[in-house]
Amino acid sequence: MKKYYVNMKAQSNGDHEVHHEDCQYLPDPSNRKYLGEYYSCKDAVIEAKKTYSKSNGCKTCSKECHTS
């Protein structure tokens, strides 16, 4: 299991990206919200959408959950 975080600052398209703890693009602690530990990004994105309806997986660390 990996720890997942959501970026509290939206991307230019409005998405809040979900990253795992080892991602090179993991936001600074002041710009991220801890989501929990998950086996896949899918559950982490579901959790992130409870706070940010427009959440999306990171293109680098969560490719299978990146939709836009």
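K.L.:
Describe the sheet that holds strand β1 (residues 2-7), naming the residues involved and giving the relevant values.
P.N.:
In a beta sheet, neighbouring strands are held together by backbone hydrogen bonds and run either parallel or antiparallel to one another. If you trace the four strands from one edge of the open sheet to the other, you get β3-β1-β2-β4, paired in mixed fashion. The open sheet has two edge strands with one neighbour each: β3 (32-38) and β4 (55-57). On average, adjacent strands in this sheet sit at an angle of 30 degrees to one another, irrespective of strand direction. Two strands pair when backbone bridges link them, and β1 and β3 are joined in this way by six bridges, in the antiparallel orientation. Bridging from a neighbouring strand, K2 pairs with Y38 of β3.

K.L.:
An account of the pattern of salt bridges is needed here, citing residue identities and associated values.
P.N.:
In total, this model carries two salt bridges according to the counting rule given. The partner of K54 in a salt bridge is D15, with the nearest N and O atoms 3.9 Å apart. Of this pair, K54 sits in the loop between α1 (41-48) and β4 while D15 is found in the loop between β1 and β2 (16-20), placing the two residues 39 residues apart along the sequence. Between E47 and K50 there is a salt bridge, with the nearest N and O atoms lying 3.0 Å from each other.

K.L.:
Residue-level account of α1, with values.
P.N.:
Structurally, the α-helix is built with 3.6 residues per turn, so residues lying three or four positions apart point the same way. What α1 keeps buried is the set C41, A44, V45 and A48. Seen along its axis, α1 keeps its buried residues to an arc of 100 degrees; they face one direction. The outward face of α1, more than 90 degrees from its buried face, is lined by the exposed residues K42 and I46. At its buried positions, α1 is contacted by β1, β2, β3 and β4.

K.L.:
Explain the nonpolar core residue by residue, including any values.
P.N.:
Y4, V6, V18, L35, Y38, C41, A44, V45, A48, Y52 and C65 form the largest nonpolar core, which has eleven residues in total. Of all the elements in the fold, those that place two or more residues in this core are β1, β3 and α1. When residues of this core are assigned to their parent elements, the largest contribution, four residues, is made by α1. Contacts of V18, omitting those with residues within four sequence positions, involve Y4, Y5, V6, L35, A44, V45, A48, N56, G57, C58, C61 and S62.

The rules we used
- Residues numbered from 1 in each chain as written.
- Predicted model: local features only at pLDDT ≥ 70, side-chain atom pairs only at ≥ 80, totals over all residues.
- Heavy atoms only, no water.
- Pairing = 2+ DSSP bridges.
- Helix = DSSP H or I, 4+ residues; strand = E, 2+ residues; numbered from the N terminus.
- Axes fitted to C-alpha atoms, helices over the stretch in contact; angles between N-to-C directions.
- Salt bridge = Lys/Arg side-chain N within 4 Å of Asp/Glu carboxyl O.
- Buried < 20%, exposed > 50% of the residue type's maximum accessible area, 1.4 Å probe, protein only.
- Arc of directions from axis to C-beta.
- Contact = heavy atoms within 4.5 Å.
- Core = buried A, V, L, I, M, F, W, Y, C linked by side-chain atoms within 4.5 Å.

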